[in-house]
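Inside the fold
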Amino acid sequence: MTLSLKQKLLAAALSLSAFFAAALIILCLPSTSYAAQLGAEQPHIYFTYEKDGQEVDGNDLLSDSEYDVKIWIKGVESISTLQVTATLADSVTCASAPTALMSDSVSGVTSMGYVLNSGNVVFGFVSDNADTTAIDSSGTLIACVSMTFAQAGDAESFITVSTNPNLTFVQTNYNEGYENAYAIDTEFEGYLGTLYPMTYDISPVFTPAGFDISGTVMIATDSTGTASSVGITGITVTVSNNGTTVASAVTDENGSYTLSCVPAGDYTMTISGPTTVDREVTLSVTGEKTVDPVGVIICDYSTDKLVDSTDLTYFLGYYGGNYYIYADLNGDALVDSTDLTYFLAIYGKATSYPDVTL
């Protein structure tokens, strides 16, 4: 492919010395204004942060942690040339190569190279077409690079985007004139062309997709589901909305569980196990939290939602002999007279779990 004059200039700019030696000199074509673009949303460049594949809050990064830092653009439907230049604090280090570039996902866009060294992060792209290439105005990924932050805090404290329009700029159409560009600093002294406003945000307000909810399922001491101090393992906790499962977890040896990434809202939480009289409670999610323990009857061995003579027969089969965790109602690793006392407190009584909101 034969490079245009603009492409050659941008390729030259993507050497480290060119970024900081002098302003990018652009030869001018007959120009028109960006008036058609200015009626729409301005270009907005923003950063997001992912850790272990899950988006996290860039306002509250952890120390000694690695993140996939994604740089995005939205607010424009096309580009002819785009460049982003940032400087990192000494406490931030980068991987040697990005894991994704705009040119990987947008047909008709070529990467003009990148710089990832000496605290500099630079990405540049140019349209393969005569004037412009369409992009998704709701959000197009510019680049993704792995960064390790030695210190905790707001990403904005560690990453600085250059406001120099020769180093960070967006041009949406060659035919509008090479000297015209969107820039963060529209009053930059000595710029040869006309600058139009664009914005950026290194650590936007973060709205998580969901919240982690932790709790404990306890062995019930009576037919109303009063929670004992003994947690029970192997119980499935399911959160649903109108019959659709949103999240689920199984309790550990202490009866503890964590439901991951539950969106804000009110849900039905179902507590069920191999010998439980299943229980439903209401879970109200507004943020990450640990909810109160919930008791559940675990001695319905015939799974008919009753604790009756059939279950007594099962229980006696475990009594003093073949240990069964769901017959160990006081959690002492024995099935003995104490457990029989607990069993008889529930035996023959109708289950009447009260309504509970967690």
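For the structure itself, look to the data block above.
All of the points below concern the structure found in this document. Bear in mind the structure is a predicted one, so any value in this text is a computation, not a measurement.

A word on the packing of aromatic side chains
- Throughout the structure, instances matching the rule amount to 13 aromatic pairs.
- Look at Tyr 46 and Trp 72: their rings are 6.2 Å apart centre to centre, the planes differ by 10°, and that puts the pair in the stacked class. Within this pair, whereas Tyr 46 is found in strand E1 (residues 44-51), its partner Trp 72 is found in strand E3 (residues 65-74), the two being separated by 26 residues in sequence.
- Measuring from ring centre to ring centre gives 4.7 Å for Tyr 318 and Tyr 324, while their planes differ by 40°; the resulting arrangement is tilted.
- An aromatic cluster of three or more residues is present, and its members are Tyr 301, Tyr 314, Tyr 318, Tyr 324 and Tyr 326.
- Looking at Lys 51, its charged tip hangs above the ring of Tyr 67, at a distance of 5.4 Å from the centre.

Examining the layout of surface pockets
- Considered as a void within the structure, the largest pocket measures approximately 280 Å³ in volume.
- As for the largest pocket, its lining consists of 14 residues, and the residues nearest its centre are Gln 54, Glu 55, Pro 208, Gly 210 and Glu 288.
- Elements represented by at least two residues in the lining of the largest pocket include exactly strand E2 (54-56) and strand E17 (211-220).
- Here the lining of the largest pocket takes three residues from E2, the largest share from any one element.
- Here the lining of the largest pocket is composed, by residue class, of six nonpolar, three polar and five charged.
- In this structure, the second largest pocket spans a volume of roughly 160 Å³.

Focus on the packing of helix H5 (residues 309-318) against helix H6 (residues 337-346)
- Relative orientation of the contacting elements H5 and H6 amounts to 170°, with a least axis distance of 12 Å. Between H5 and H6, the crossing angle belongs to the class labelled roughly antiparallel. On the side of H5, the interface is formed by Asp 311, Leu 312 and Phe 315, while H6 contributes Asp 339, Leu 340 and Phe 343.

Considerations on the pattern of salt bridges
- Tallying each qualifying case throughout the model produces one salt bridge.
- Note that Glu 50 and Lys 70 form a salt bridge whose closest N and O atoms lie 3.2 Å from each other. Within this pair, whereas Glu 50 is found in strand E1, its partner Lys 70 is found in strand E3, the two being separated by 20 residues in sequence. Of the two residues, Glu 50 and Lys 70, both sit in the buried class.

Some remarks on H5
- Those residues of H5 that sit buried are Asp 311, Phe 315 and Tyr 318. For H5, the angular spread of buried residues about the axis comes to 55°, placing them on one side.
- Next to the buried residues of H5 lie H6.

Notes on the side chain of Ser 78
- Inspection of the secondary structure puts Ser 78 in strand E4 (residues 78-79).
- With a relative accessible area of 13%, Ser 78 lands in the buried category.
- In this structure the side chain of Ser 78 is engaged in a polar contact, spanning 3.0 Å, whose partner is the side chain of Thr 132.

Brief notes about the pairing of strand E19 (residues 236-241)
- As paired elements, E19 and strand E20 (residues 244-250) share six bridges and run antiparallel to each other. In the sheet register, Ser 240 faces E20, and the bridge partner there is Thr 245.
- The turn linking E19 back onto E20 is made up of two residues, and Asn 242 within it adopts a positive phi angle of 55°.
- Sheet topology places E19 next to strand E22 (residues 265-272); five bridges connect them, and they run antiparallel.

Let's talk about the sheet that holds E19
- Across the sheet, which stays open at both edges, the four strands sit in the order E20-E19-E22-E23 with antiparallel pairing between neighbours. Two strands close off the open sheet at either side, each with one partner strand: E20 and strand E23 (279-285). Going from strand to strand, the sheet's axes swing by 25° on average, the running direction of each strand aside.

Side note on the nonpolar core
- Counting 40 residues, the largest nonpolar core has Leu 259, Met 269 and Leu 283 as its most contacted members.
- Among the elements that line this core, the one with the most residues is E17, at five residues.
- Non-local contacts of Leu 259, meaning those with residues more than four positions away in its chain, are made with Phe 211, Asp 212, Ile 213, Val 237, Val 239, Ala 247, Ser 248, Ala 249, Met 269 and Leu 283.
- By size, the runner-up hydrophobic cluster in this structure holds 39 residues, among which are Leu 61, Val 84, Val 145 and Ala 155.

A few points about the environment of Ala 220
- Within the fold, Ala 220 resides in strand E17.
- Sequence-wise, Ala 220 and Cys 299 are 79 residues apart; in three dimensions their C-alpha atoms are separated by 9.6 Å.
- Ignoring sequence-local partners within four residues, the contact set of Ala 220 consists of Gly 225, Thr 226, Gly 295, Val 296, Ile 297 and Ile 346.

Side note on unusual backbone geometry
- Even without a glycine there, the phi angle at Ser 118 is positive, about 50°.
- Topologically, Ser 118 is positioned in the loop between strand E8 (109-117) and strand E9 (120-127).
- Positive phi values are uncommon outside glycine, yet Cys 261 reaches one of about 55°.
- Locating Cys 261 in the fold gives a position in strand E21 (residues 256-262).

Digging into H6
- Within H6, the full set of buried residues consists of Asp 339, Phe 343 and Ile 346. The buried residues of H6 occupy an angular sector of 55° when projected down its axis, which confines them to one face.
- The inward-facing, buried residues of H6 abut E17 and H5.
- One side-chain oxygen of the residue at the start of H6 lies 3.2 Å from the amide nitrogen of Thr 338, identifying that residue as Asp 336.
- Among the residues trailing H6, Gly 348 stands out with phi positive, at a value near 75°.

Conventions we followed
- Residues numbered from 1 in each chain as written.
- Predicted model: local features only at pLDDT ≥ 70, side-chain atom pairs only at ≥ 80, totals over all residues.
- Heavy atoms only, no water.
- Phe/Tyr/Trp six-rings, centres within 6.5 Å; stacked < 30°, edge-to-face > 60°.
- Helix = DSSP H or I, 4+ residues; strand = E, 2+ residues; numbered from the N terminus.
- Lys NZ or Arg CZ within 6 Å of the ring centre and 35° of its normal.
- 1 Å grid on protein atoms, 1.4 Å probe; cavity = no way out; pocket = protein on both sides within 12 Å on 5 of 7 lines; lining within 4 Å.
- Points joined across faces, edges and corners; volume = space filled by probe spheres on them.
- Nonpolar A, V, L, I, M, F, W, Y, C, P; charged D, E, K, R; others polar.
- Axes fitted to C-alpha atoms, helices over the stretch in contact; angles between N-to-C directions.
- Parallel < 35°, antiparallel > 145°, perpendicular 65-115°, else oblique.
- Contact = heavy atoms within 4.5 Å.
- Salt bridge = Lys/Arg side-chain N within 4 Å of Asp/Glu carboxyl O.
- Buried < 20%, exposed > 50% of the residue type's maximum accessible area, 1.4 Å probe, protein only.
- Arc of directions from axis to C-beta.
- Polar contact = N/O pair within 3.5 Å; in protein donor to acceptor, adjacent residues only side chain to side chain.
- Pairing = 2+ DSSP bridges.
- Core = buried A, V, L, I, M, F, W, Y, C linked by side-chain atoms within 4.5 Å.

These figures capture arrangement, not role.
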